[in-house]
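Single-letter residue listing:
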Amino acid sequence: MTRPTAPRSDDGCAALLARVRAALGRDTPPRLPDPPPPDDALLRLARPGDASAALFVERAREVGMEAETVEPALAAGRVVGVLREAGVRRVALHDDAEDHAPGLARELAAAGILAVERGGPAGPRALFDADAGVTGVLAGVAESGTLVCVSGPGLSRGASLVPPLHVALVRESRIVPDLLDLWPLVRRSPGAAAASSLTLITGPSKTADIEGVLVTGVHGPGRVRVLVVTGS
Amino acid sequence: MDVALFVSCLADQFYPRSAVAAVRVLEHLGCRVHFPAGQTGCGQPMFNNGFRRDARALAERMIRVFAPFERVVTPSGSCAAMIREHYAHLFDGDEQRAAHARALASRTREFCEFLVHDLRVDLRALGASWGLPDGRPRRVTWHFSCHLRGLGMTDEPARLLGQIAGVEPVPLERAEVCCGFGGTFATKQPEISGHMARDKAACLRATGAGVCVSGEPGCTMNLAGTCRRAGDGIEFLSPAEAIAASLGLMGDAPAERAAGAREGA
Amino acid sequence: MKGRAGPHPLDVPLPHDLRAAAGRASRDVALQQFVGGATLHKDRGRRETCRRAFGERYDALRRHAGAIKQHTLDHLDAYLERFIARARESGAIVHAAATAAQANEVCLAVARRHGCRLCVKSKSMVTEETGLLAALETAGVETVETDLGEFILQLDGDAPSHIVTPMIHKDRAAVGRAFARELGVAYTDDPRRLTMIAREHLREKYRRADLGVSGGNFLVADTGSVVLCTNEGNGRFCTGVPRVHVAMVGIEKLVPSMEHLTVFLKLLARSGTAQPLTVYTQVITGPRRPDEDDGPDEVHIILVDNGRTGLLRAESRELLRCIRCGACLNACPVYRTIGGHAYGSVYSGPIGAVITPALRGLRDFAALPHASSLCGACFEACPVHIDIPRHLTRLRAQIVEQRIAGWRERAGMRLWGLALRTAWTYRLAAWAQRLVLRRLARRVGRRSRDSARADAAHRPGAWIHAGPGPLRAWTQERDFPAPAARSFRQWWARERGHARAPRRDIPGQRGTPA
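First, a word on what this report is: a plain description of the structure on this page. Values in this document were obtained by computation on a predicted structure and should not be read as measured data.

Glancing now at the overall build of chain C. Secondary structure summary: chain C contains 23 helices and twelve strands in total. Overall size of chain C, expressed as C-alpha extent along the three principal axes, is 95 × 55 × 45 Å. When burial is assessed residue by residue, chain C has 58% of its 514 residues classed as buried. Pairs at least 24 apart in sequence give 71% of the contacts found in chain C among residues at least 6 apart.

Here it is, written out as structure tokens:
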């Protein structure tokens, strides 16, 4: 756990709160407010019945990712196949990839694909030398084709960001229908709610800043390959 | 039904024919039209430019002048919007006057809105017909003035046009974009205003229509002046004039012939 | 100092002369093409995307989102307190800056304490507002903008002209020239090639940077998180690779919880760029945990006031709902005509027209609230339902109350108002106007370029092609009609003043009677 930080007398927060209270016409501290709850009927775009691998794959493709389903036993082989097609020599591997694709480490070794050194003196800089990142994900959101990645021990931020190719393994059972359904899942997952970084990924990195012409792979990966591991 | 007509200062001075047409149409549809002589202006230019005190004085007058009437109808959408959206707020802090303002607002209608929603008019059933003299359909487009948004109106003028035989409605590209009038905006930022007006004029030109129906005198002034500067011949009529012509209520042959001549050329 | 010579485009002399800037901009054909085309496309895209997703629910959803933001602002003290506490619990260091200078100073102090030499920065309107880039560079910290558009603008000594798509006004050739000049690469104007050049250049910076600066799209009170919504991935680099991350965020960005965040995530990208979600939505909660492989050792959150507590007063509070989506810019025909630089300040378009006077002084920016036809397109586009036209007229009233409006305008309006006070003063004024304008039309109308057919078609009658005084601004752009020979009132008095009056001439029918 991180150490909580303490307020300092010169950090300006007390003065800010005083100015805010004055502007709100209050001189007593506030009660705990009761916000209007998000209106599910207005917001929801996909229902529980829509939490399917098929919808997820369709939406993921629509946003420019390559997506397919794969059976658990074949997952590792498929990952290696994707990497070989792309000419990958070095890969940044998350610790949870093996859980999603049993036998992955062995198959990578067999294919002569090296996992880059994590941590160590090079730290995140080592990721710059990787040709691809292979990660599991916390969850998928079917309606938008979104991958949900959290940081954690053995789950670097950089594996899904720095290399030009990101291979993401999603368990079918972890696909929720709508973004509204994500947060209860996050709260239920140990470590996720307190993660230092939770990232929703909906497509390859892109920009249209130059005359509105779409270009992918600006900073983040230009290719995202999603494998939905069925029945898991 | 008794109806009090409110005619905006622009219409009274520059487009009186549009107000005459409104009277004729309303009477034809069975209304008894009153024109309270004490009316002057709704105060919109004062309000829009930040002269709230002056706007308030005029609003008080309007509320008094139109108090006896069950329905107030105005062919100018921006005036109706002024009354419905802004009058009550002019009297913030004065609950009695604010209540009178709200009461007037609830009785005020824009002309097309009144015909469609209050009178539920069916022009086709009344035999409305406005084809060209040589029998061909008349290509008509219409201008969506921004104030219709604030009134909750969408396509009432178009619906009415669609009920007139012999009319071929032509949709306008980028209809939702402002024409650039904006009251004093036209003279405070003439370069921007003129640019917007010329954009709109180009879209009007592209319709190939001989007539543009525009219910807002300010927009009409702006667009007609722009089209004329560009040498375009498109004619501007208010919805009341178009409807009145289709019901044979105006009896003005020379202008009709001129319009017909241009379309045929 | 990088870039071409010349003043910074947003470094305008004050009071800001919008009319001059607008005049130049509306004659700039290239600007029209880029800004006009792009904004129209995005506005259409917003409507299409929202219609497809929400159908009839769209307007209700905008009101709902607006209500949530309003509630948060109404209780901003409570939500700020909660945010600060939770952020500290997660290990972030929280500061609050009253002014732009203070905000910059906090960031500089952090940089100094850690001996930072190279800073990578992701796009943030607040840092534009405070001028952080210049402050860091003056302090000797090399600072690189990493958002592609901002990177190009920095290279070229230019300034952003749109809240979301900052280089909407620039073409590929200009980018090619800037790259060739500043990066020493061979000239190319191919967007893909240019982007890859930028990517390689910036990767080098990411590797070496020891400070990352970002803004924040949202702050989540319940968790003490900063949320970043980007498409390129540079935000993730800036907040993930360097040892120290500083997030500078306006205090109004607060939302109560992650569930409430969802409301805004569903609206933000759809409103601004016609996409369902931005490619990356990153929720940052404190620095890296001790057992994590990467992430910053320290996260600083600088909560920026800089005039926002002033806006928090009841009459203007609604303006703080803004989530900086850019939808109002894309919808606005004025913005579409003049582009962002003409507004003379960091925030442009409709929202800029109402917050810039508050943040930088009404006297210096009195033209902005008048640079609008009050068409309401911005109000229709705003995902948090801010009634921008209402605030424009409110500011116009303040301009009058504070006597910033010129005496001529005040006199003119007063006179007009007086003329409308009674029916007989109205009639008198109308008669005088008719007299003057119809004479003018006879004098100058005939000298105008004529089209006989156009003349025959137009009613009421003659047109004024070039008018003096108050007419000059109008006739500079278009013709002005002469009033009809007889007003409606006169017609009514004659036709309806007596019962059964015969139908006679309808005023304005036959052109210009003398």
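That covers the picture; the talk isn't over yet.
Remark: a regular strand shows side chains that alternate across the two faces of the sheet. Residues and elements named next belong to chain C. Taking burial as the measure, the seven residues of strand β10 (residues 298–304) include seven buried ones, the bulk of the element. Both faces of β10 are covered, namely the face carrying E298, H300, I302 and V304 and the face carrying V299, I301 and L303. Summarising the sheet, strand β1 (residues 93–97) and β10 pair through five bridges and their orientation is parallel. Pairing of H95 across the sheet is with I302, part of β10. Pairing of strand β7 (residues 244–250) with β10 involves seven bridges; the strand directions are parallel. Directly across from V249, in β10, lies its bridge partner L303.

This next bit is on the nonpolar core. By size, the foremost hydrophobic cluster in this structure holds 305 residues, and its most contacted members are V91 of chain A together with M248 of chain C. The element contributing the most residues to this core is helix α12 (residues 258–273) of chain C, with eight residues. Aside from chain neighbours lying at most four places away, what touches V91 of chain A is L83, L108, I113, A115, V116, A130, D131, A132 and V134 of chain A.

The interface of chain B with chain C comprises 65 residues on the first partner and 66 residues on the second. Ranked by residues supplied to the side of chain B that touches chain C, first place goes to helix α11 (residues 190–207) of chain B with eight residues.

Comparison of the two pairs of chains in contact shows the highest number of contacts for chains A and C. Across all C-alpha pairs, the smallest distance from chain A to chain B is 19 Å, and the two are not in contact.

On the secondary structure map, T262 of chain C appears in helix α12. Considered as a pair, T262 of chain C and A109 of chain C are 153 residues apart in the sequence and their alpha carbons are 35 Å apart. Here T262 of chain C is in contact with P38, L43, L179 and L180 of chain A, once residues within four sequence places are set aside.

What counts, and where the lines are drawn
Residues numbered from 1 in each chain as written. Chains lettered and ligands numbered in written order. Predicted model: local features only at pLDDT ≥ 70, side-chain atom pairs only at ≥ 80, totals over all residues. Helix = DSSP H or I, 4+ residues; strand = E, 2+ residues; numbered from the N terminus. Buried ≥ 20, exposed ≤ 12 C-beta atoms within 10 Å, placed from the backbone. Contact = placed C-beta atoms within 7 Å. Pairing = 2+ DSSP bridges. Core = buried A, V, L, I, M, F, W, Y, C linked by C-beta atoms within 7 Å.

Everything listed here is a matter of coordinates, which is why it stays silent on function.
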